[in-house]
Amino acid sequence: MNTEIRDLMSRIEKYRDGMSKGQRAISDYITKNYEKAAFMTAAKLGNVVGVSESTVSRYAVLLGYDGYPELQKAFQGMIKSRLTTLQRMELSVDADTGAIVKNVLKADINNIKNTLEQIDIGSFDRIVKLILGAKRVFLLGMRSAAPVVEFMGYYMGFMMDNVFVVTSGVKDVLEQMVHLNDGDVLITVSFPRYAKRAVDATELARARGAKVIVITDSVFSPLIPISHEVLYAHSDMASFVDSLVAPLSLINALLLAVSTQSKEKSMEKLEYLEGVWNKYGVYAQKEVKEN
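Since the model is a prediction, treat every value here as computed from it, not as a measurement. (Residues numbered from 1 in each chain as written. Predicted model: local features only at pLDDT ≥ 70, side-chain atom pairs only at ≥ 80, totals over all residues. Heavy atoms only, no water.)

Novice: Residues and numbers for the overall build of the protein, please.
Specialist: What the protein contains, in helices and strands, is 13 helices and five strands. Within the protein, the fraction of its 291 residues that count as buried is 43%. Considering only residue pairs separated by 6 or more positions, the protein has 71% of its internal contacts joining residues 24 or more positions apart. As presented, the protein carries roughly 16300 Å² of accessible surface, and 54% of it is formed by carbon and sulfur atoms. (Helix = DSSP H or I, 4+ residues; strand = E, 2+ residues; numbered from the N terminus. Buried < 20%, exposed > 50% of the residue type's maximum accessible area, 1.4 Å probe, protein only. Contact = heavy atoms within 4.5 Å. Areas by Shrake-Rupley, 256 points an atom, 1.4 Å probe, with all protein chains shown as cover.)

In structure tokens:
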């Protein structure tokens, strides 16, 4: 059990004497099943415990939160990095097909909304300047975050010649980090369950003198202490499938900002690429037949 969970359990114990019978039942369930309870709605938690939804809401207020959503949000941030893939799968198997599509799309909408509300424009601007001023830009994402940095590297390569996507191929990612030094920038993308190799490689890059930019989900991310700049993108999803909609949306904004700040160079490179694509027929072109 990590420090944050222990703190919450201590808070529950502190207020236990002032709890009603139903609230003590909630405490007992949370203590034994906190990894599942964190992703239950107030109604579902109440149903499982055998109390009303309003009792669950009052319980959250008793613990010092504005309401159950705030308690749930804090709870999820504390434990979601600890959930195994199997546990995340168990949380999503009881929904029918219609409910799944609605729940997933609503969750992604909420992730984008929460990301927008939390964005630090000052940090965003500093990150754009770091990228444009870097000698080299390295992009690192392990496991499910790998496609995200591949996407980022694909488009950033249209604008810049100094972008490198770190891959876990023949060379270990740690071996690739020894090439970073002062003047380089590393952008690490990582979400629960945070890949240890991504944390290790980021730590090594910082020790080598590189500026570290992190795109992650919360202050509980192990990458926060070793970063120079952070962008938060919500990825909440009670499922074994990671939600990467908000991270990709944030990266889209970052790519557009970089291209805007280096418009002349970006336009020049894109113009050349269009010529190459046309010459070699990279894209299918539909022929227009004359009548």
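Having put the structure on the table, let's press on.
Novice: I'd like a rundown of helix H3 (residues 42-49), residues and numbers included.
Specialist: Where H3 is concerned, the buried positions are Ala42, Leu45 and Gly46. Within H3, the buried residues cover an arc of 100° as seen down the axis, which keeps them to one side. Downstream of H3 by one or two residues, Gly50 has phi in the positive range, about 95°. (Arc of directions from axis to C-beta.)

Novice: Report on the sheet that holds strand S1 (residues 136-141), specifying residues and quantitative values.
Specialist: A sheet is described by the order of its strands in space; here five strands give the open sequence S2-S1-S3-S4-S5, paired in parallel fashion. The sheet terminates laterally at strand S2 (163-166) and strand S5 (229-232), the two strands that pair on one side only. The mean inter-strand angle of the sheet, taken between neighbouring strand axes irrespective of direction, is 20°. Bridge count for strand S3 (residues 184-189) against strand S4 (residues 211-216) is five bridges, and the pairing is parallel. For Val189, the partnering residue across the bridge sits in S4 and is Ile215. Helix H8 (residues 121-133) rests against S1, S3, S4 and S5 of the sheet, and its axis sits at about 125° to S5. (Pairing = 2+ DSSP bridges. Axes fitted to C-alpha atoms, helices over the stretch in contact; angles between N-to-C directions.)

Novice: Can you explain the pattern of salt bridges? Please cite residues and give values.
Specialist: All chains considered together, the criterion is met by seven salt bridges. Note that Arg16 and Asp28 form a salt bridge whose closest N and O atoms lie 2.7 Å from each other. Remark: Asp28 occurs in helix H2 (residues 21-37) and Arg16 occurs in the loop between helix H1 (3-14) and H2; sequence separation between them is twelve residues. Judged by relative accessible area, Asp28 falls into the partly exposed class, the value being 35%. Note that Lys196 is salt-bridged to Asp200, the shortest N-O span being 2.8 Å. You can see Lys196 and its partner Asp200 sitting in helix H11 (residues 196-207), four residues apart, about one turn around the helix. Through salt bridges that share partners, Asp172, Lys196, Arg197 and Asp200 make up one connected network. (Salt bridge = Lys/Arg side-chain N within 4 Å of Asp/Glu carboxyl O.)

Novice: Outline empty space enclosed by the protein, supporting the account with residue identities and numerical values.
Specialist: Under the defined criterion, the tally for this structure stands at two cavities of 30 Å³ or more. In this structure, the second largest cavity occupies an estimated 30 Å³ of space. With four residues, helix H5 (residues 68-79) is the single largest residue contributor to the lining of the second largest cavity. Tallied by class, the residues present in the lining of the second largest cavity amount to seven nonpolar, one polar and no charged. (1 Å grid on protein atoms, 1.4 Å probe; cavity = no way out; pocket = protein on both sides within 12 Å on 5 of 7 lines; lining within 4 Å. Points joined across faces, edges and corners; volume = space filled by probe spheres on them. Nonpolar A, V, L, I, M, F, W, Y, C, P; charged D, E, K, R; others polar.)

Novice: If you had to explain the environment of Phe75 to someone new, which residues and values would you point to?
Specialist: Along the chain, Phe75 falls in helix H5. The exposure class of Phe75 is buried, given its relative accessible area of 4%. Along the primary structure Phe75 and Ala37 are separated by 38 residues, whereas in three dimensions their C-alpha atoms are 8.7 Å apart.

Novice: Could you give me a rundown of the side chain of Ser221, with the residues and numbers involved?
Specialist: In this fold, Ser221 is placed in the loop between S4 and S5. For Ser221, a relative accessible area of 2% translates into the label buried. A distance of 3.1 Å separates the side chain of Ser221 from the side chain of Thr216, its partner in a polar contact. Non-local contacts of Ser221, meaning those with residues more than four positions away in its chain, are made with Tyr194 and Thr216. (Polar contact = N/O pair within 3.5 Å; in protein donor to acceptor, adjacent residues only side chain to side chain.)

Novice: Tell me what's going on with a nonpolar patch on the surface, and back it up with residues and numbers.
Specialist: On the surface, Tyr154, Tyr155, Tyr280, Val282 and Tyr283 cluster together into a nonpolar patch covering about 570 Å² of accessible area. Checked against the element boundaries, Tyr283 lands in the segment after helix H13 (263-280). (Patch = residues over 30% accessible without salt bridge, like charges linked within 9 Å, V, L, I, M, F, W, Y side chains within 5 Å.)

Novice: Residues and numbers for the pairing of S3, please.
Specialist: The two faces of the sheet receive side chains in turn, since in a regular strand these alternate between them. S3 sits mainly inside the fold: six of its six residues count as buried. Because side chains alternate across S3, one face comprises the buried residues Asp184, Leu186 and Thr188, and the other comprises Val185, Ile187 and Val189, equally buried. Handedness of the crossover is the feature at issue here: the chain leaves S3, passes through H11, returns alongside S4, and the resulting connection is right-handed. (Right-handed = clockwise from strand over helix to strand, strands pointing away.)

Novice: Residue-level account of helix H9 (residues 146-159), with values.
Specialist: Compared with an ideal rise of 1.5 Å per residue, which puts 14 residues at 20 Å, H9 spans 20 Å between its outermost C-alpha atoms and is within 8% of the ideal. Along H9, the residues that are buried comprise Val148, Val149, Met152, Gly153, Met156, Phe158 and Met159. Structurally, H9 contributes buried residues whose contacts are with H8, S1, S2, S3, helix H12 (245-261) and H13. (Expected span 1.5 Å × (residues − 1).)

Novice: If you had to explain the side chain of Asp217 to someone new, which residues and values would you point to?
Specialist: Tracing the chain through its elements places Asp217 in the loop between S4 and S5. Using a relative accessible area of 3% as the deciding quantity, one classes Asp217 as buried. A polar atom in the side chain of Asp217 sits 2.7 Å from the side chain of Tyr194. One polar contact links Asp217 to Thr216, side chain to side chain, over a distance of 3.3 Å.

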